[in-house]
Amino acid sequence: MSFEALSKHVNIDTIKAITQLSEEAAAMKAARDTELKAIIEGKDKRILLIIGPCSADNEEAVLEYARRLAVLQEEVKDKIFVVQRVYTNKPRTNGDGYKGMMHQSDPSGEINLIRGMVAVRRMHNRVITETGLTTADEMLYPDNLMFIEDLVSYHAVGARSVENQQHRFVASGIDHPTGMKNPTSGNMKVMFNAVYAAQQKQELMYNGLDVETSSNPLAHVILRGALKESGEIIPNYHYEDLMKTINLYKESELKNPFIMIDTNHDNSGKKFDQQLRIVQEVLMNRKWNEEINDYVRGFMIESYLKDGRQEPGGQEFGQSITDPCIGWDKTEELVRFIASHTQVN
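This write-up is about the structure you can find in this document. (Residues numbered from 1 in each chain as written. Predicted model: local features only at pLDDT ≥ 70, side-chain atom pairs only at ≥ 80, totals over all residues. Heavy atoms only, no water.)

### Quick word on the sheet that holds strand E12 (residues 296-302)
Thought 1: Ordered in space as E1-E2-E3-E4-E5-E8-E11-E12, the eight strands form a closed barrel in which the pairing is parallel. For this sheet, the mean angle separating the axes of adjacent strands, direction not counted, is 30°.
Thought 2: Summarising the sheet, strand E8 (residues 219-223) and strand E11 (residues 259-262) pair through three bridges and their orientation is parallel. Across the sheet, the residue bridging to Val 221 is Ile 259, located in E11.
Thought 3: The strands touched by helix H3 (residues 59-76) are strand E1 (47-52) and strand E2 (80-85); relative to E2, the strand with the most contacts, the crossing angle is about 175°.
Thought 4: The strands touched by helix H4 (residues 113-131) within the sheet are E2, strand E3 (135-138) and strand E4 (152-157), with E3 carrying the most contacts at an inclination of about 160°. (Pairing = 2+ DSSP bridges. Helix = DSSP H or I, 4+ residues; strand = E, 2+ residues; numbered from the N terminus. Axes fitted to C-alpha atoms, helices over the stretch in contact; angles between N-to-C directions. Contact = heavy atoms within 4.5 Å.)

Here you go:
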């Protein structure tokens, strides 16, 4: 074996005990999780927003963002349900670069995964406890689910992970909504196969045990655009793309059909300010077509305190160190626009 142990066996229960939710906070989270489930099931027609920084790199900046977002959530609560992105693991195309708080609790500091696990739980806990919001994270490493499953309300499986069988099978054991992105190739069949697998019972090795999952009827699709080998960006949020996705849902007979639009990544070509225009177009198509209105009920938006991005180690408080994000002023404008153009029956 060519793996060198850098620590003793990690006691997950001990790490979880350090940052467990209080009874009051756990009850509040459970109530919001019930609301979120109803939205995915189509019983609650509000728009779901998974919104926040590309990467949760700085605890105090993330908390400042959360405080502002909680006030905005209260303002638009009749039309929009907000879950904050607290993304603590970042996929790296070639393995280089900042890999998220799980690896480095301080982006400029040393890699220490045990310290990172504590920092990840503390940040999710603080957002929930101090603001009353619930959180979303990316399931980049399926084995890590066991140490954050009590804190995270929405899980996303990314474009580079969605073809992986372990991600699909672990997703089938999650009790919360789990969005499966289309792969970077744009292959829609891959994404729908992933949702199908997540909605079935599966048997796998997990946490050292042979387990059978319960199935996850809340698994659904996320459209994030595609990138050809030539470098050409192929968005998939336009009218024809949405109708194609709806028809694939009809053919598949999956439970709880729900379409989330990722407004950044290859839909915007990482031109972060295009997210406002993309949302506006999708909302127009929802008004134009009743089926789109019924199926397309969520947006994933990358937003932080300040526009754009900076390199890791930069001194701009609340500016992304990974993908560029819209700043707070544009965020308020966009969320209010969505609320004003959403009809809840």
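### Topic: the environment of Gly 269
Thought 1: In this fold, Gly 269 is placed in the loop between helix H8 (265-268) and helix H9 (274-288).
Thought 2: Residue Gly 269 is classed as partly exposed on the basis of its relative accessible area, which comes to 31%.
Thought 3: Sequence-wise, Gly 269 and Ile 234 are 35 residues apart; in three dimensions their C-alpha atoms are separated by 8.6 Å. (Buried < 20%, exposed > 50% of the residue type's maximum accessible area, 1.4 Å probe, protein only.)

### Concerning the pairing of E2
Thought 1: Burial analysis of E2 places six of its six residues in the buried class, which makes it a mostly covered element.
Thought 2: Across five bridges, E1 lies against E2 in parallel orientation. By the bridge assignment, Leu 48 is partnered in E2 with Phe 81.
Thought 3: Chirality of the crossover, the property in question, places the unit of E1, H3 and E2 among those that are right-handed.
Thought 4: As defined by bridge partners, E2 adjoins E3 across two bridges and the pair is classed as parallel. Considered in E3, the bridge of Arg 85 is made with Ala 136. (Right-handed = clockwise from strand over helix to strand, strands pointing away.)

### Concerning the pattern of salt bridges
Thought 1: Scanning all chains against the criterion turns up 28 salt bridges.
Thought 2: As a salt-bridge pair, Glu 232 and Lys 228 come within 3.7 Å of each other at their nearest N and O atoms.
Thought 3: By relative accessible area, Glu 232 is classed as partly exposed at 41%.
Thought 4: The shortest N-O distance in the salt bridge between Glu 291 and Lys 250 comes to 2.3 Å. Here the residue Glu 291 occupies a position in helix H10 (residues 290-295), and Lys 250 occupies one in helix H7 (residues 239-252), the gap between them amounting to 41 residues.
Thought 5: Through salt bridges that share partners, Glu 59, Glu 60, Glu 64, Arg 67, Arg 68, Arg 122, Arg 126 and Glu 130 make up one connected network. (Salt bridge = Lys/Arg side-chain N within 4 Å of Asp/Glu carboxyl O.)

### Looking at the state of the cysteines
Thought 1: Following the criterion strictly, the structure yields zero disulfides and no others.
Thought 2: In this structure Cys 54 is a free cysteine whose sulfur lies 5.6 Å from that of Cys 325, the closest cysteine sulfur available.
Thought 3: Of the residues examined, Cys 54 reaches a relative accessible area of 1% and is grouped as buried.
Thought 4: Residue Cys 325 is classed as buried on the basis of its relative accessible area of 0%. (Disulfide = S-S within 2.5 Å.)

### Topic: the packing of H3 against H4
Thought 1: The contact between H3 and H4 brings their axes to 10 Å, and the two run at 30°. In this view, H3 runs roughly parallel relative to H4, as classed from their interaxial angle. Between H3 and H4 lies a crossing of right-handed hand. From H3, Glu 59, Glu 60, Val 62, Leu 63, Ala 66, Arg 67 and Ala 70 reach across to H4, where they touch Arg 122, Met 123, Arg 126, Val 127, Glu 130 and Thr 131.
Thought 2: Here the residues of the contact of H3 with H4 sort into six nonpolar, one polar and six charged. (Parallel < 35°, antiparallel > 145°, perpendicular 65-115°, else oblique. Left-handed = near helix turned anticlockwise from the far one by under 90°. Nonpolar A, V, L, I, M, F, W, Y, C, P; charged D, E, K, R; others polar.)

### Some points on unusual backbone geometry
Thought 1: Although it is not a glycine, Glu 253 sits at a positive phi angle of roughly 55°.
Thought 2: Turning to its location among the elements, Glu 253 is positioned in the loop between H7 and E11.
Thought 3: Accessibility expressed as a relative area gives 71% for Glu 253, which makes it exposed.
Thought 4: Positive phi is not limited to glycine here, since Lys 270 has a value of about 60°.

### Structural notes on the side chain of Ser 153
Thought 1: Looking at the element boundaries, Ser 153 is found in strand E4.
Thought 2: Here Lys 29 takes part through its side chain, which lies 3.5 Å from a polar atom of the side chain of Ser 153.
Thought 3: Here Ser 153 is in contact with Lys 29, Asp 33, Leu 36, Thr 134, Thr 135, His 176 and Pro 177, once residues within four sequence places are set aside. (Polar contact = N/O pair within 3.5 Å; in protein donor to acceptor, adjacent residues only side chain to side chain.)

### Examining the environment of Gly 318
Thought 1: Secondary-structure assignment places Gly 318 in the loop between E12 and helix H11 (328-340).
Thought 2: By relative accessible area, Gly 318 is classed as buried at 5%.
Thought 3: Through-space distance from the C-alpha of Gly 318 to that of Leu 305 is 4.8 Å; in sequence the pair is 13 residues apart.

### Some points on the pairing of strand E7 (residues 209-212)
Thought 1: Strand direction decides the pairing type here: strand E6 (residues 203-206) and E7, joined by four bridges, are antiparallel. Paired with Leu 204 across the two strands is Val 211, which belongs to E7.
Thought 2: Counting the residues in the hairpin turn of E6 and E7 gives two residues, including Asn 207, whose phi is positive at 55°.

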